[in-house]
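# Notes for the structure review
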Amino acid sequence: LLPREKDKLLLFTAGLLASEYAAYGGETIKFAGQYYTLTDRRGGYRRDKTEDEDYYVLTLFALAYEIEACGAYEPDAYIEADLAVGVPPTDYGMLAERYKAYFAKNEYVDFEKDGKPYHVWIRSVSVYVQGWAALMPRFAAVKDEGKATLIDIGGYTAIYMVLHNGQPDFAACEALDNGMLFLYRRVINKVKNACDTILDEQTIDSVLRGDRSGLPWEIADMVEKETARFVADLLNRLRENGVDLKTGLTCFAGGGAILLQKYIEAHGDKIFRPYFIGDISANVQGYEYLFQIENEG
């Protein structure tokens, strides 16, 4: 993380296309003799992100963007960087040290982005708890709550964590297979079987944001109804796991929660006090916040 004036963190797609040759168009990094181009195509789910080079290369993209955004680029010098990354709470004990070693494996990194050379010194790697980190810049919202429940809806999982007076209860914490990917699959299969039409994730997202202009109304209605069922299933599964949202504060975080907010709010009889963290970068901002507290006081 490099200091710069910013209201929001930089966002980019998280899909990669690897090749021995530079691709035509698209943003490309050359690293260790291989070319990597950003793509909207979703990669397969990996609980352990250290299994291949994809997330390391995505981090190189992030470093290049940050370096340019703060005006720190130097073509012939190593630029210092501290990495702050996150791990789901259920996997922290198993993966934290593995993530730290993965991102710190090359202390000095040389790569090219779109033909431009970058040299970075990875000075340190800090690993934090996903979800919990999103609450840290907003700790005042939960620190005096006798009970609060965090629900972080991501691409593959919906993570819940119960907190008492702001402190997490890791015995009441689990990652459920109820992330947005499973909603997309349900909607795509439903529409394909009923209407012989194949949707993509971007079109589904548009409908969830309120833009139905790209679809016939009957298909858009089908997307919304299936989404409502998906949210009901998630709330029922939480209930089955002993998570009662009829008491205390319920904090919703993650890109999935932002897209599903109106569908979640429709269940006011099941959620006593919903609180939405409406920034898709909330976890990353939390990692930066915690890093600064630990290192700058």
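Below or above, wherever it landed, is the structure these notes cover. (Residues numbered from 1 in each chain as written. Predicted model: local features only at pLDDT ≥ 70, side-chain atom pairs only at ≥ 80, totals over all residues. Heavy atoms only, no water.)

### Topic: the sheet that holds strand 9 (residues 167-176)
As summarised here, the arrangement of the 5 strands in space is 9-8-7-10-11, forming an open sheet in which the pairing is mixed. This sheet does not close on itself; its edge strands, each paired only once, are strand 9 and strand 11 (273-276). Neighbouring strand axes in the sheet, compared pairwise and without regard to direction, differ in orientation by 20° on average. Across 4 bridges, strand 10 (residues 249-253) lies against strand 11 in parallel orientation. Residue pairing across strands places Phe 252 opposite Phe 276, the latter belonging to strand 11. (Pairing = 2+ DSSP bridges. Helix = DSSP H or I, 4+ residues; strand = E, 2+ residues; numbered from the N terminus. Axes fitted to C-alpha atoms, helices over the stretch in contact; angles between N-to-C directions.)

### Points about unusual backbone geometry
A positive phi angle, close to 50°, is found at Asn 165, a residue other than glycine. By the element assignment, Asn 165 lies in the loop between strand 8 (158-164) and strand 9. If you check the backbone angles, Asp 196 has positive phi at about 55° while not being a glycine. Mapped onto the fold, Asp 196 is located in the loop between helix 4 (180-195) and helix 5 (201-208).

### Some points on the packing of aromatic side chains
Under the definition given, this model contains 12 aromatic pairs. Seen from their ring centres, Tyr 102 and Phe 103 are 4.8 Å apart, and the 80° between their planes marks the pair as edge-to-face. Assessed through its relative accessible area of 5%, Tyr 102 is described here as buried. The buried category is assigned to Phe 103, whose relative accessible area is 6%. Following the ring pairs from residue to residue traces out a cluster consisting of Phe 31, Tyr 56, Tyr 99, Tyr 102 and Phe 103. The lysine or arginine in question, Lys 49, covers the ring of Tyr 55, its NZ or CZ lying 5.5 Å from the ring centre. Stacked on the ring of Tyr 73, the Lys or Arg Lys 116 has its end atom at 4.2 Å from the ring centre. (Phe/Tyr/Trp six-rings, centres within 6.5 Å; stacked < 30°, edge-to-face > 60°. Buried < 20%, exposed > 50% of the residue type's maximum accessible area, 1.4 Å probe, protein only. Lys NZ or Arg CZ within 6 Å of the ring centre and 35° of its normal.)

### Section: the pairing of strand 4 (residues 79-87)
With 7 of 9 residues buried, strand 4 is to be regarded as a mostly interior element. One ladder, built from 9 bridges, connects strand 4 with strand 6 (residues 116-129); its direction is parallel. When the bridges of strand 6 are listed, Asp 82 appears paired with Ser 124.

### Some points on the pattern of salt bridges
Under the definition given, this model contains 16 salt bridges. Its salt-bridge partner being Asp 48, residue Arg 98 comes within 2.7 Å of it at the nearest N-O pair. Taken together, the residues Arg 98 in helix 2 (residues 92-103) and Asp 48 in the loop between strand 3 (34-39) and helix 1 (54-69) connect sequence positions 50 residues apart. According to the relative accessible area criterion, Arg 98 is partly exposed, its value standing at 39%. Between Arg 273 and Glu 145 there is a salt bridge whose closest N-O contact spans 2.9 Å. With a gap of 128 residues between them, Arg 273 in strand 11 and Glu 145 in the loop between helix 3 (132-135) and strand 7 (148-153) connect regions that are remote in the sequence. (Salt bridge = Lys/Arg side-chain N within 4 Å of Asp/Glu carboxyl O.)

### Observations regarding the packing of helix 5 against helix 6 (residues 217-240)
Look at helix 5 against helix 6: their axes get within 10 Å of each other, and the N-to-C directions meet at 80°. Relative to helix 6, the element helix 5 lies roughly perpendicular. In this structure, helix 5 uses Ile 204, Val 207 and Leu 208 to contact helix 6, whose residues at the interface are Ala 220, Val 223, Glu 224 and Thr 227. Looking at the contact of helix 5 with helix 6 residue by residue, the classes come out as 5 nonpolar, 1 polar and 1 charged. (Parallel < 35°, antiparallel > 145°, perpendicular 65-115°, else oblique. Contact = heavy atoms within 4.5 Å. Nonpolar A, V, L, I, M, F, W, Y, C, P; charged D, E, K, R; others polar.)

### Notes on the sheet that holds strand 1 (residues 15-19)
Pairing between the strands of a sheet comes from backbone hydrogen bonds, and it takes one of two forms, parallel or antiparallel. Strand order across the open sheet formed by 6 strands is 1-3-2-5-6-4, with mixed pairing between neighbours. At either margin of the open sheet sits one strand with a lone partner, and together these are strand 1 and strand 4. Between one strand and the next, the sheet's axes are offset by a mean angle of 40°, whatever the strand orientation.

### Examining the nonpolar core
Ile 153, Leu 208, Leu 238 and Leu 260 are the most contacted members of the largest nonpolar core, which totals 34 residues. Those elements giving two or more residues to this core turn out to be strand 7, strand 8, helix 4, helix 5, helix 6, helix 7 (255-259) and helix 8 (261-265). It is helix 6 that provides the largest number of residues to this core, a total of 9 residues. Once residues within four sequence positions are removed from consideration, Leu 260 is found in contact with Ile 153, Met 180, Leu 183, Leu 208, Thr 227, Phe 230 and Val 231. (Core = buried A, V, L, I, M, F, W, Y, C linked by side-chain atoms within 4.5 Å.)

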